[in-house]
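# Structural overview for review
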2 protein chains.
Amino acid sequence: MEHDKARKSIKLQDIAQAVGVSRTTVSNAFNRPDQLSPELRDKILEAAKEMGYPGPNPMARMLRTGQTGAIGLVFGESLPYAFNDLAAIAFLRGVSRVCERVKASLLIVPTLESDAAQKTIEQATVDGFIIYNLPDDSEALVRVLDRQLPVVAVDQPSLKNVPSVGIDDRQAARKAATHLLSFHHKQFAIMAMELRSDLYVGLVDAQRLEHCTHQITKLRLRGYRDALEEARIDFSQVPIYECRNDENHAREVAMTLLQRQPRPTAILAMSDILAFGALRTAQQMSLKVPEDLSIVGFDDIPLAWQIRPRLTTVQQPLVEKGVLAAELLLSKSVTKTSKVLGTRLVVRESSGVAPTV
Amino acid sequence: MEHDKARKSIKLQDIAQAVGVSRTTVSNAFNRPDQLSPELRDKILEAAKEMGYPGPNPMARMLRTGQTGAIGLVFGESLPYAFNDLAAIAFLRGVSRVCERVKASLLIVPTLESDAAQKTIEQATVDGFIIYNLPDDSEALVRVLDRQLPVVAVDQPSLKNVPSVGIDDRQAARKAATHLLSFHHKQFAIMAMELRSDLYVGLVDAQRLEHCTHQITKLRLRGYRDALEEARIDFSQVPIYECRNDENHAREVAMTLLQRQPRPTAILAMSDILAFGALRTAQQMSLKVPEDLSIVGFDDIPLAWQIRPRLTTVQQPLVEKGVLAAELLLSKSVTKTSKVLGTRLVVRESSGVAPTV
DNA sequence: CTGTTAGCGCGTTCAC
DNA sequence: GTGAACGCGCTAACAG
């Protein structure tokens, strides 16, 4: 870039000198139009433009005012991964809607869990943080809390002293399972999102089940279990497969699951992406959905109704979660009210009566 | 939040005093571990923790160092809209990959075109900007340029002195049209993205065609025209419909287009979302794709191959665009090399031989 | 390894 | 409507 060296970074002072007024007056010209005559203001602004003044330095202003005009967003997953997750994107849409309304910027902070360099969080110049789905043992979580800024948590009901917005994951998952039970299914399989942040992938045993650090996964598993056990199904015999939330991996996992004997007639998937993968695998195996296999997803992202058969799924208000999180963060209210939003089962074409054996 | 009033914002100085060392030493304890003995460092850090010190104030640090550790991103569309655009999201994924690698944050700056309050751009504490698809006459564009920071433009080949990354939109669009021509299509219709930022929606007349401020729309239209005119088709007779890049609107527009006499046998859509809308409308009208109607999209987002029939489309390296833009911005190289990435036509199931009348 | 000295560029009283 | 003074909290030299 040429600018850097050209001018020795011209500042408020310089243009004050050029116009022959004091620094304050120039500052006022930019920030308080009502504090000086329009003529003078125009004169100053013009001089500034001529001299190529980039405007009051935002960093200096921030230091002075203590306000950044930005809200921070920390995801529990890596950024490229989050931007691959349509549920996260929908949430982001909600947040961005509020940002736009209040003219705040959105600082998305990457957080390499493994890396000691959690500097990004310490460096973030924001007025507060929204944390999205951080695992309980997350290093990022303590870093955010250390900043002593306002925080709102999303999908993390368990944090003390941190207002949160989310859904009743347990209840929502239960709805999905109950729906399938009403169709007389007996052979279930569960495609779960990650239980811990250790990149493990595979069947989940009892011990791992106990040590689940991802709240929503844990709660949804409980919801499935609630329903299944109520129907006298031995939950310990239900295969739970931990997957990456990714179509291709979901396809592989579904393949494994569908080759088990007895073959599941119903798949409970913790996201629509996982459900979609299962659907494609079923089609590839020439299994008819829902005649041979029922699938219920979670989230109700657009894909759920764009594909055929349309996905039966648990709808959750993703965008609204974002809106509320942002509003909660911005509201000065000391009342740390946590919001629990509603969900509903949307029955479409991927679920039906269990096949008779 | 409780923190604000509780402690009178404790600072470096305070903890220096408490431990009985100088401010610098405390600063070093945080930023340069190698500059003091481990014991002292631990002692300082512990004292800091006890006193509830949130760490060196990022704003003050920024002012001092002149570095923000963040890169700004400005979209040509409203934020909620951008987060609805899967092509933009894929681009974002690319940017975020680089951010994560270099531990930089990503500041997404909303920009209400109509609003005089373009403050967000002036206030953004970033080391540089990536601008994505800003219209030529955009107020935001001049604001960004005014900041005199490094800038990289995406999909905006025409800016002077601003390195850019993009594709050859004209050539890419031409491929789509040529493909359909090879199937002997004669009756075309074009579903275009916006030509200007005035929220107009409807058929595009010659005059509007002349005053197109959105580069990529303009270039793609030219590409379509190049191919069509080469095939002796009167381009002025080809209906061009300007749509919002949104599935529902695309469906309506497609309905209008497909009710024209003679009915188009081929639709050139400037995005996969538009193509998808057309596809659904065709199905709803009981038109067979591709037997009765061929459709070619643009972008090759996942949806293109997730739906049936799969979409024939022009693939562009969306993620790579993001990666390159970010890398270009971060590279100190004074060489303002603009990158033009390759595209290719992906022939799938939504295009075929023109129906015989 | 430690401390001293200087600002980074600005916003805000408060007098004039 | 204007200007002088003060300090936001920190880091970069450099000297010890």
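Shown above is the structure to which this text applies.
First things first, this report covers the structure right here in the doc. Predicted, not measured: the structure shown is a model, and the values here were computed from it.

Rules of the game
- Residues numbered from 1 in each chain as written.
- Chains lettered and ligands numbered in written order.
- Predicted model: local features only at pLDDT ≥ 70, side-chain atom pairs only at ≥ 80, totals over all residues.
- Heavy atoms only, no water.
- Helix = DSSP H or I, 4+ residues; strand = E, 2+ residues; numbered from the N terminus.
- Rg over C-alpha atoms; globule rule 2.2 N^0.38 Å.
- Contact = heavy atoms within 4.5 Å.
- Least-squares fit on C-alpha atoms with pLDDT ≥ 70 in both.
- Salt bridge = Lys/Arg side-chain N within 4 Å of Asp/Glu carboxyl O.
- Buried < 20%, exposed > 50% of the residue type's maximum accessible area, 1.4 Å probe, protein only.
- Near = heavy atom within 4 Å.
- Polar contact = N/O pair within 3.5 Å; in protein donor to acceptor, adjacent residues only side chain to side chain.
- Nonpolar A, V, L, I, M, F, W, Y, C, P; charged D, E, K, R; others polar.
- Buried area = accessible area lost by both parts, 1.4 Å probe.
- Core = buried A, V, L, I, M, F, W, Y, C linked by side-chain atoms within 4.5 Å.
- Phe/Tyr/Trp six-rings, centres within 6.5 Å; stacked < 30°, edge-to-face > 60°.
- Lys NZ or Arg CZ within 6 Å of the ring centre and 35° of its normal.
- Pairing = 2+ DSSP bridges.
- Axes fitted to C-alpha atoms, helices over the stretch in contact; angles between N-to-C directions.
- 1 Å grid on protein atoms, 1.4 Å probe; cavity = no way out; pocket = protein on both sides within 12 Å on 5 of 7 lines; lining within 4 Å.
- Points joined across faces, edges and corners; volume = space filled by probe spheres on them.
- Domains from an automatic or database assignment.

This paragraph deals with the overall build of chain A. From N to C terminus, chain A includes 16 helices and 13 strands. In terms of C-alpha radius of gyration, chain A reaches 26 Å, well past the compact-globule figure of 21 Å for 357 residues. Each principal axis of the C-alpha distribution contributes one length, and for chain A these read about 90 × 40 × 35 Å. For chain A, restricting intrachain contacts to residue pairs at least 6 apart in sequence, the fraction spanning at least 24 positions comes to 70%.

Turning our attention to the relation of the copies chain B and chain A. The transformation that overlays chain B on chain A combines an axial shift of 0.0 Å with a rotation of 180 degrees, and the residual RMSD is 0.1 Å. On this basis, the relationship between the two copies can be described by a two-fold rotation axis. Judged by C-alpha distance, L107 of chain B is the residue of chain B that lies nearest the rotation axis, at 2.1 Å. Residue by residue, 98% of the interface of chain B is reproduced at the interface of chain A, so both copies engage with the same surface.

Right, let's get into the pattern of salt bridges. Using the criterion set out here, one finds 28 salt bridges over all chains in the structure. The shortest N-O distance in the salt bridge between K321 of chain B and D155 of chain B comes to 2.9 Å. Residue K321 of chain B is found in helix α16 (residues 318-330), and its partner D155 of chain B is found in the loop between β4 (151-154) and β5 (164-167); the two are separated by 166 residues along the sequence. The exposure class of K321 of chain B is buried, given its relative accessible area of 1%. For D155 of chain B, a relative accessible area of 4% corresponds to the buried category. A single salt-bridge network, built from bridges that share partners, covers K119, E122, E139 and R143 of chain A.

Right, let's talk about the protein's contact with DNA strand C for a bit. Near DNA strand C lie 26 residues; those nearest to it are L12, R23, Y53 and R64 of chain A together with R64 of chain B. At 3.0 Å from a base oxygen of DNA strand C is found a side-chain nitrogen or oxygen belonging to T24 of chain A. At 3.1 Å from a phosphate oxygen of DNA strand C is found a main-chain nitrogen or oxygen belonging to N57 of chain A. Broken down by secondary-structure element, the contributors of at least two residues to the surface near DNA strand C are α3 (23-31) and α5 (58-65) of chain A together with α3 (23-31) and α5 (58-65) of chain B. The greatest single-element share of the surface near DNA strand C, amounting to 4 residues, is contributed by α3 of chain A. Its residues placed into classes, the surface near DNA strand C shows 8 nonpolar, 10 polar and 8 charged.

Next up on the list: the interface of chain B and chain A. At the interface, 63 residues of chain B touch 63 residues of chain A. Summing the contributions of chain B and of chain A, the shared interface buries around 5,700 Å²; its carbon and sulfur component is 59%. The tally of links from chain B across to chain A stands at 0 salt bridges. At the boundary of chain B with chain A, the tally comes to 15 residue pairs in polar contact (both at pLDDT 80 or more). Elements that contribute at least two residues to the side of chain B that touches chain A include exactly α5, α6 (79-82), α7 (86-102), β2 (105-109), α8 (119-123), α14 (272-284) and α15 (303-306) of chain B. If one sorts the elements of the side of chain B that touches chain A by residue count, α7 of chain B sits on top with 8 residues.

Counting residues in each nonpolar core, the largest one holds 175 residues, and the members touching the most others are I130, M191 and Y224 of chain A together with I130, M191 and Y224 of chain B. Aside from chain neighbours lying at most four places away, what touches I130 of chain B is I71, G72, L73, V74, F91, V95, V152, V154, A325, A326 and L329 of chain B. With 36 residues, the next largest nonpolar core counts A70 and V126 of chain A together with V126 and L141 of chain B among its residues.

The full set close to DNA strand D counts 27 residues, and L12, S27, R32, Y53 and R64 of chain B are the nearest of them. Among the atoms of DNA strand D close to the protein, meaning within 4 Å, 65% are from sugar or phosphate groups. Within the contact set of DNA strand D, a phosphate oxygen lies 3.1 Å away from a side-chain nitrogen or oxygen of T25 of chain A. Here N57 of chain B contributes a backbone N or O atom positioned 2.9 Å from a phosphate oxygen of DNA strand D. Looking at the surface near DNA strand D, the elements that each hand over two or more residues are α3 and α5 of chain A together with α3 and α5 of chain B.

Attention shifts here to the packing of aromatic side chains. Counted under the stated rule, the structure contains 6 aromatic pairs over all chains. Where F75 of chain B meets Y132 of chain B, the ring centres are 5.4 Å apart and the plane angle is 75 degrees; that geometry is what we call edge-to-face. Taken together, the positions of F75 of chain B in strand β1 (residues 70-75) and Y132 of chain B in strand β3 (residues 129-132) put the pair 57 residues apart, joining distant regions of the chain. Look at Y132 of chain B and you get buried, because its relative accessible area is 4%. The ring of F298 of chain A is capped by R220 of chain A, whose NZ or CZ atom sits 3.7 Å from the centre of that ring.

Residues and elements named next belong to chain B. Across the sheet, which stays open at both edges, the 7 strands sit in the order β7-β8-β6-β9-β10-β11-β13 with mixed pairing between neighbours. Each edge of the open sheet carries a strand with a single partner, namely β7 (202-203) and β13 (344-346). Pairing geometry for strand β6 (residues 188-192) and strand β8 (residues 240-242), over 3 bridges, is parallel. Among the inter-strand pairings, A192 is bridged to a residue of β8, identified as E242. Helix-sheet contacts for helix α10 (residues 169-182) involve β6, β9 (266-269), β10 (294-299), β11 (312-315) and β13, and the interaxial angle to β10 is about 165 degrees. Set on the sheet, helix α13 (residues 247-258) makes contact with β6, β8 and β9; between it and β6 the angle comes to about 155 degrees.

A few words now on the sheet that holds strand β13 (residues 344-346) of chain A. All names here are of chain A. With respect to topology, 7 strands assemble into an open sheet ordered β7-β8-β6-β9-β10-β11-β13, the strand pairing being mixed. Pairing within the sheet leaves two strands with one partner each, and these edge strands are β7 (202-203) and β13. Alignment of strand β6 (residues 188-192) against strand β9 (residues 266-269), held across 4 bridges, turns out to be parallel. Counterpart to F188 in the pairing with β9 is A266.

Once that is clear, we can look at the environment of I216 of chain A. Checked against the element boundaries, I216 of chain A lands in helix α12 (residues 215-230). Taking the C-alpha atoms as reference points, I216 of chain A and A29 of chain A, separated by 187 residues in sequence, lie 51 Å from one another.

With that settled, the discussion passes to the environment of L203 of chain A. Residue and element names in this part refer to chain A. Among the secondary structure elements, L203 is positioned in strand β7. With relative accessibility at 39%, the residue L203 sits in the partly exposed group. Taking C-alpha positions, L203 is 9.0 Å from C243, a pair spaced 40 residues apart along the chain. Sequence-distant contacts of L203, that is, excluding residues within four places in its chain, are made with P239, I240, Y241 and R260.

Over the atoms, a rolling probe the size of a water molecule traces out where space has been left empty. Estimates place the volume of the second largest pocket at around 1,100 Å³. L86, I301, P302 and L303 of chain A together with L86 of chain B are the residues nearest the centre of the second largest pocket, which is lined by 50 residues in total. Split into classes, the residues belonging to the lining of the second largest pocket amount to 26 nonpolar, 12 polar and 12 charged.

The next point concerns empty space enclosed by the protein. All names here are of chain A. For the structure on display, the rule yields 1 cavity of 30 Å³ or more. Here the largest cavity defines a volume of roughly 270 Å³. Of all the secondary-structure elements, those providing two or more residues to the lining of the largest cavity are α12 and α16 (318-330). Tallied by class, residues from the lining of the largest cavity come to 9 nonpolar, 6 polar and 7 charged. There are two domains that each give the lining of the largest cavity at least three residues, and those are domain 2 (70-166) and domain 3 (169-317 + 342-346).

Remember, this is a structural readout, not a statement about activity or role.
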